[in-house]
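Chains, contacts and geometry: an overview
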Amino acid sequence: MRTPSKFRAAAFAAVAAMGTFAAISTAPVSAHNHKMAEKSQPNIVQTAMSTGVHNTLVAAVKAAGLVDTLASPGPFTVFAPTDDAFSKLPDGTVDSLLKPENKGTLTKVLTYHAVAGSVTAADLLSMIDENGGAVTISTVAGDPLVASKFGDTVAITDAAGRTTVVSTADVKTSNGVIHVTDGVFLPG
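Let me begin by describing the structure that accompanies this report.

What counts, and at which threshold
- Residues numbered from 1 in each chain as written.
- Predicted model: local features only at pLDDT ≥ 70, side-chain atom pairs only at ≥ 80, totals over all residues.
- Heavy atoms only, no water.
- Buried < 20%, exposed > 50% of the residue type's maximum accessible area, 1.4 Å probe, protein only.
- Helix = DSSP H or I, 4+ residues; strand = E, 2+ residues; numbered from the N terminus.
- Arc of directions from axis to C-beta.
- Polar contact = N/O pair within 3.5 Å; in protein donor to acceptor, adjacent residues only side chain to side chain.
- Core = buried A, V, L, I, M, F, W, Y, C linked by side-chain atoms within 4.5 Å.
- Contact = heavy atoms within 4.5 Å.
- Phe/Tyr/Trp six-rings, centres within 6.5 Å; stacked < 30°, edge-to-face > 60°.
- Pairing = 2+ DSSP bridges.

This brings us to helix 3 (residues 44–51). Of the positions making up helix 3, those classed as buried are Ile44, Val45, Thr47 and Ala48. All buried residues of helix 3 lie within an arc of 165 degrees about the axis, which places them on one face of the element. Measuring from the backbone nitrogen of Val45 back to the side-chain oxygen at the start of helix 3 gives 2.9 Å, which picks out Asn43 as the cap. After helix 3 finishes, the residue Gly52 shows a positive phi value of roughly 80 degrees.

Core analysis: the biggest nonpolar cluster contains 25 residues, and Val78, Leu110 and Ile178 have the highest contact counts within it. In this structure, Val115, Met127, Val135 and Val166 belong to the second largest nonpolar core, which totals 16 residues.

Further remarks concern the environment of Leu106. With respect to the element layout, Leu106 can be found in helix 8 (residues 103–111). Between the C-alpha atoms of Leu106 and Val94, which are 12 residues apart in sequence, the distance is 9.2 Å. Among all residues touching Leu106, those that are not within four sequence positions of it are Ala60, Ala63, Ala64, Leu97 and Leu98.

By the definition in use, this model includes two aromatic pairs. With a centroid separation of 6.2 Å and 80 degrees between ring planes, the pair formed by Tyr112 and Phe185 is classed as edge-to-face. With Tyr112 in the loop between helix 8 and strand 2 (114–116) and Phe185 in the segment after strand 7 (176–181), this pair connects stretches of sequence that are 73 residues apart. On the basis of relative accessibility, which here comes to 0%, the residue Tyr112 falls in the buried class. Classification of Phe185 as buried rests on a relative accessible area of 0%.

It is worth spelling out the pairing of strand 3 (residues 134–138) at this point. In terms of residue burial, strand 3 counts as a mostly covered element, since five of its five residues are buried. Residue alternation in strand 3 divides its side chains into two sets, Ala134, Thr136 and Ser138 and Val135 and Ile137, and both sets are buried. Inspection of the sheet shows strand 3 paired to strand 4 (residues 144–150) by five bridges, in the antiparallel sense. Bridge pairing in strand 4 links Val135 to Ala147.

The values are spatial; any link to function lies outside them.
Have a look at this one:
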């Protein structure tokens, strides 16, 4: 599958500039005063902290030292696993990743959930259609994800062939967009 040059360029710029990842938001944008509402929206970290279903993700972001990056202007597109998604990993995986000696591995896992730029579900679905049913996405970590259609939503397949569904799309934040997932991506 072909990776759109828009993704390649955005991913390269993000890796060069920051080398990290992003998470979630629920604040609506006012149609009549878009710029003002955008500034008042929480950033990715603030949004993830407020959801009540991303506690493991927030703990991981803190342990990896990515809070400042995820609060930066971005923009990022983040595929944000819920606490339930993390609980599906083999026993001990999360505890092991959160140990200080595994910070590099944790950072790689988290940045594998982020794409440079703001990519909505409609953008993804359009690229999937344009590319014959699936599109390869370059992540901030440098490893690819493959997006395809799963009914009316988007499915993401990681490097190991595990497929995760986007359960909630297009959660807007002040520095990007979050797509909530029912699984955790693990790089190859």
